[in-house]
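Residue-level structural notes
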Amino acid sequence: MRIGVITFPGSLDDVDAARAVRLAGGEPVALWHADHDLKDVDAVVLPGGFSYGDYLRAGAIAARSPLMADVVAAAGDGMPVLGICNGFQVLCEAGLLPGALTRNSHLHFRNRDQVLVVERADTAWTQDYRPGQRIVIPVKNGEGRYVAADADLDRLEGEGRVVFRYAGGNPNGSSRDIAGVTSENGRVVGLMPHPEHAIEDLTGPSTDGLGFFTSVLKAVVAA
Amino acid sequence: MSRVVVDVVLKPEISDPQGQAVLGALGRLGHDSVRSVRQGKHFVLEVEGTPDEAELKQIAETLLANPVIEDVELHLPKD
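**Things to note about the pairing of strand β2 (residues 27-32) of chain A**
Residues and elements named next belong to chain A. As paired elements, strand β1 (residues 2-7) and β2 share 6 bridges and run parallel to each other. Residue pairing in the sheet places I6 in a bridge with L31 of β2. Tracing the backbone out of β1, into helix α1 (residues 14-24) and back to the parallel element β2 gives a crossover that is right-handed.

Structure follows, in structure tokens:
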């Protein structure tokens, strides 16, 4: 299984994301934002970082990069796409996921191990979890406050589009403790916390993040 | 060349912690008459020829502002 990891100018966690793919048993494929080439990958990860220095809005300029046009088209055909942190911001800016990420309510960068509750264990990226499972993975952001109009939040909740919620404290003031959401078909997932930093005991608070990368391998086989 | 100005500000229902921090500083400086601060962005575009309003509206609404969270105002030069 070929899992692409996109590098934008200012991406930071692309190497960790590729390592997570490899540890899960997939083949990581490096993708470059300026190429119109998805290199026949089966799924794509948009990693964390500060693409374009968060200029204009976090993720705004990266969302208009050449490769993102191909990602949007492939997502329309059902290809699994995961956006982590800055990658989540890019997916919202690209219109693949609803809502937006704004400045943390307390204005501080927040970096800590975070408890999440898995609300949807049937997306392409979460099928190796159980509904209601609590996982611990790092969160690190300054602009991670998930917002949308109240009517849109009601609709998302009604459609079961909230995949993860913060537990044990909301790190950034996100509406309704939302940490991650999914597309209507459950193939595109975005979240602010970092599963790729929780894949080995030596370097992470847990290995709870590995399930994202094992899940997608099954989702690709099933498709 | 003509000068086109685009102002972007968070929608009223989206909380603006940066504006609130500025308001707090103003209070500490004794400027008690200021009741609210909303922080936004101000873009100045130099455009060749006569500005095409439809094109500029598209630029403002699809790139300079995120309509999910922001309102945008386009100011075209008066002739």
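What follows continues from the structure just given.
**Focus on the pattern of salt bridges**
Residues and elements named next belong to chain A. Applying the stated rule across the entire model yields 20 salt bridges over all chains. The shortest N-O distance in the salt bridge between R19 and E200 comes to 2.8 Å. Within this pair, whereas R19 is found in helix α1, its partner E200 is found in the loop between β11 (188-191) and α5 (210-222), the two being separated by 181 residues in sequence. By relative accessible area, R19 is classed as partly exposed at 36%. The closest approach of N and O atoms between R155 and E159, which form a salt bridge, is 3.7 Å. A residue is classified by how much of its surface remains accessible, and E159, at 39% relative accessible area, is partly exposed. One connected set of salt bridges, linked through shared partners, spans E119, D150, D154, E157, R165 and R176.

**With respect to the sheet that holds strand β3 (residues 70-75) of chain B**
Pairing between the strands of a sheet comes from backbone hydrogen bonds, and it takes one of two forms, parallel or antiparallel. Residue and element names in this part refer to chain B. Pairing within the open sheet is antiparallel, and its 3 strands lie in the order β2-β1-β3. Whereas interior strands pair on both sides, the edge strands pair on one side only; in this sheet they are β2 (40-47) and β3. Averaged over all pairs of adjacent strands, the angle between strand axes in this sheet comes to 20°, irrespective of strand direction. Examined bridge by bridge, strand β1 (residues 2-10) and β2 share 8 bridges and lie antiparallel to one another. Counterpart to S2 in the pairing with β2 is V47.

**Concerning the interface of chain A and chain B**
In this complex, chain A contributes 13 residues to the contact, which on the side of chain B involves 15 residues. Both sides together, the interface formed by chain A and chain B hides about 1200 Å², and carbon and sulfur atoms give 62% of it. If you look at where chain A meets chain B, you find 1 salt bridge. Put simply, chain A and chain B have 7 residue pairs in polar contact (both at pLDDT 80 or more) between them. For the side of chain A that touches chain B, the secondary structure elements donating two or more residues are β5 (100-102) and β8 (145-147) of chain A. For the side of chain A that touches chain B, a count of residues per class yields 4 nonpolar, 4 polar and 5 charged.

**Things to note about α1 of chain A**
Residues and elements named next belong to chain A. Among all positions in α1, only D14, A17, A18, A20, V21 and A24 are buried. Buried residues of α1, seen end-on, are gathered within an arc of 155° and therefore sit on one face of the element. Summarising the contacts, the buried residues of α1 are in contact with β1, β2, β3 (43-46) and α5. After α1 finishes, the residue G25 shows a positive phi value of roughly 105°.

What counts and what doesn't
- Residues numbered from 1 in each chain as written.
- Chains lettered and ligands numbered in written order.
- Predicted model: local features only at pLDDT ≥ 70, side-chain atom pairs only at ≥ 80, totals over all residues.
- Heavy atoms only, no water.
- Pairing = 2+ DSSP bridges.
- Helix = DSSP H or I, 4+ residues; strand = E, 2+ residues; numbered from the N terminus.
- Right-handed = clockwise from strand over helix to strand, strands pointing away.
- Salt bridge = Lys/Arg side-chain N within 4 Å of Asp/Glu carboxyl O.
- Buried < 20%, exposed > 50% of the residue type's maximum accessible area, 1.4 Å probe, protein only.
- Axes fitted to C-alpha atoms, helices over the stretch in contact; angles between N-to-C directions.
- Contact = heavy atoms within 4.5 Å.
- Buried area = accessible area lost by both parts, 1.4 Å probe.
- Polar contact = N/O pair within 3.5 Å; in protein donor to acceptor, adjacent residues only side chain to side chain.
- Nonpolar A, V, L, I, M, F, W, Y, C, P; charged D, E, K, R; others polar.
- Arc of directions from axis to C-beta.

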